[in-house]
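Understanding the architecture of this molecule
Listed below, chain by chain, are the residues.
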Amino acid sequence: ERAGGGGGGAMEALAGVAEAVLGTRDVAAAASFVLGYAIVAASAALKLPQIFAIVSARSGEGLSLSMFEIETLCYSFSLGYAFRSGLPFNAWGETAFIAVQSYIIVMLLHMYAGAKGSSLRAMVMAVGLPATAYAALKPELVTDGLLETLFSSQNALLLAARLPQVYAN
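Below is a short write-up of the structure. The shown structure was predicted, so the numbers you read here are calculated from the model rather than taken from an experiment. (Residues numbered from 1 in each chain as written. Predicted model: local features only at pLDDT ≥ 70, side-chain atom pairs only at ≥ 80, totals over all residues. Heavy atoms only, no water.)

1. A word on the packing of helix H4 (residues 65–84) against helix H5 (residues 89–113)
Following both chains from N to C, one finds H4 and H5 inclined at 155 degrees, their axes separated by 9 Å at the closest point. When the interaxial angle is binned, H4 and H5 end up roughly antiparallel. As H4 packs across H5, the resulting crossing turns out to be left-handed. Residues Leu65, Phe68, Glu69, Glu71, Thr72, Tyr75, Ser78, Leu79, Ala82 and Phe83 of H4 form the contact with H5, whose participating residues are Trp92, Thr95, Ala96, Ile98, Ala99, Ser102, Tyr103, Ile105, Val106, Leu109 and His110. Here the residues of the contact of H4 with H5 are counted per class, giving 14 nonpolar, five polar and two charged. (Axes fitted to C-alpha atoms, helices over the stretch in contact; angles between N-to-C directions. Helix = DSSP H or I, 4+ residues; strand = E, 2+ residues; numbered from the N terminus. Parallel < 35°, antiparallel > 145°, perpendicular 65-115°, else oblique. Left-handed = near helix turned anticlockwise from the far one by under 90°. Contact = heavy atoms within 4.5 Å. Nonpolar A, V, L, I, M, F, W, Y, C, P; charged D, E, K, R; others polar.)

Right, dumping it as structure tokens:
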């Protein structure tokens, strides 16, 4: 075969790598697998600039606390649904990393709210958000039917949560 001719050799080589690493010669499936994990890896830093900006300013002024609280709650529903559905990590790992970062933002916003904020609300969120995530993983605490309803309603909840932020800015 000529060098550079036809590209069949390159595809065969990619299929060989895919088979060796993933157990399949399907290059499209292998590319999807790699892309899924790349997205998960990138999501580990998605909200870090926002976290650093809040810490640097020692303020969350202009950010809607309730929006981040609801967003984090919705991530709990999504994680519980994906995990209990048996989806692979590359299908829900991104949500896990973003949920943790959103939780950090919620806690920072409460911390920097100081006297303007509610200590009770901060404590409820500090304990309640992780407890909700835990409960979503446990069918004896949250039924499959309820979890499906919560998962299905998250887009509407997220939209409603963002409206005050959009209006304020």
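So that's the structure; there's more coming.
2. Considering a nonpolar patch on the surface
Residues Phe33, Val34, Tyr37, Phe89 and Phe97 make up a contiguous nonpolar surface patch of roughly 430 Å² in combined accessible area. Mapped onto the elements of the fold, Phe89 is located in helix H5. (Patch = residues over 30% accessible without salt bridge, like charges linked within 9 Å, V, L, I, M, F, W, Y side chains within 5 Å. Areas by Shrake-Rupley, 256 points an atom, 1.4 Å probe, with all protein chains shown as cover. Salt bridge = Lys/Arg side-chain N within 4 Å of Asp/Glu carboxyl O.)

3. Details of the packing of helix H2 (residues 27–43) against H5
Two packed helices can be described by the angle between their axes and the distance between those axes. Following both chains from N to C, one finds H2 and H5 inclined at 5 degrees, their axes separated by 8 Å at the closest point. Judged by the inter-axis angle, H2 sits roughly parallel to H5. Where H2 approaches H5, its residues Phe33, Gly36, Tyr37, Ile39, Val40 and Ser43 are matched on the opposing element by Phe89, Asn90, Gly93, Glu94, Phe97, Ile98 and Gln101.

4. Regarding the pattern of salt bridges
Summed over all chains, the structure comprises four salt bridges. With its nearest N and O atoms 3.0 Å apart, the salt bridge here joins Glu71 to Lys47. Of this pair, Glu71 sits in helix H4 while Lys47 sits in the loop between H2 and helix H3 (48–57); the two residues are 24 residues apart in sequence, bridging distant segments of the chain. Both residues of the pair, Glu71 and Lys47, count as buried. Notably, a salt bridge pairs Arg162 with Glu71, separated by 2.6 Å at the nearest N-O pair. Of this pair, Arg162 sits in helix H7 (residues 144–168) while Glu71 sits in helix H4, and the two are 91 residues apart along the sequence. In the salt-bridge network here, residues are joined through shared partners; they are Lys47, Glu71 and Arg162. (Buried < 20%, exposed > 50% of the residue type's maximum accessible area, 1.4 Å probe, protein only.)

5. Thoughts on the nonpolar core
Grouped together as the largest cluster of nonpolar side chains are 13 residues, with contacts concentrated most on Ile54, Phe68, Ile105, Val106, Leu108 and Leu109. Looking at this core, the elements with two or more residues in it are H3, H4, H5 and helix H6 (119–137). Apart from residues no more than four positions distant in its own chain, Leu109 is found in contact with Ile54, Gly60, Leu63, Leu65 and Phe68. Counting residues in each nonpolar core, the second largest holds six residues, with Tyr75, Leu79, Trp92 and Ile98 among its members. (Core = buried A, V, L, I, M, F, W, Y, C linked by side-chain atoms within 4.5 Å.)

6. Points about the packing of aromatic side chains
In the structure shown here, the tally under the stated rule is four aromatic pairs. Between Phe83 and Trp92, the aromatic rings sit 5.7 Å apart at their centres with planes inclined by 85 degrees, giving edge-to-face as the arrangement. By relative accessible area, Phe83 is classed as partly exposed at 47%. Judged by its relative accessible area of 17%, Trp92 falls in the buried class. With centroids separated by 5.1 Å and ring planes inclined at 85 degrees, the aromatic side chains of Phe89 and Trp92 adopt a geometry described as edge-to-face. One end of the pair is Phe89 and the other is Trp92, both in helix H5 and three residues apart, which spans about a single turn. (Phe/Tyr/Trp six-rings, centres within 6.5 Å; stacked < 30°, edge-to-face > 60°.)

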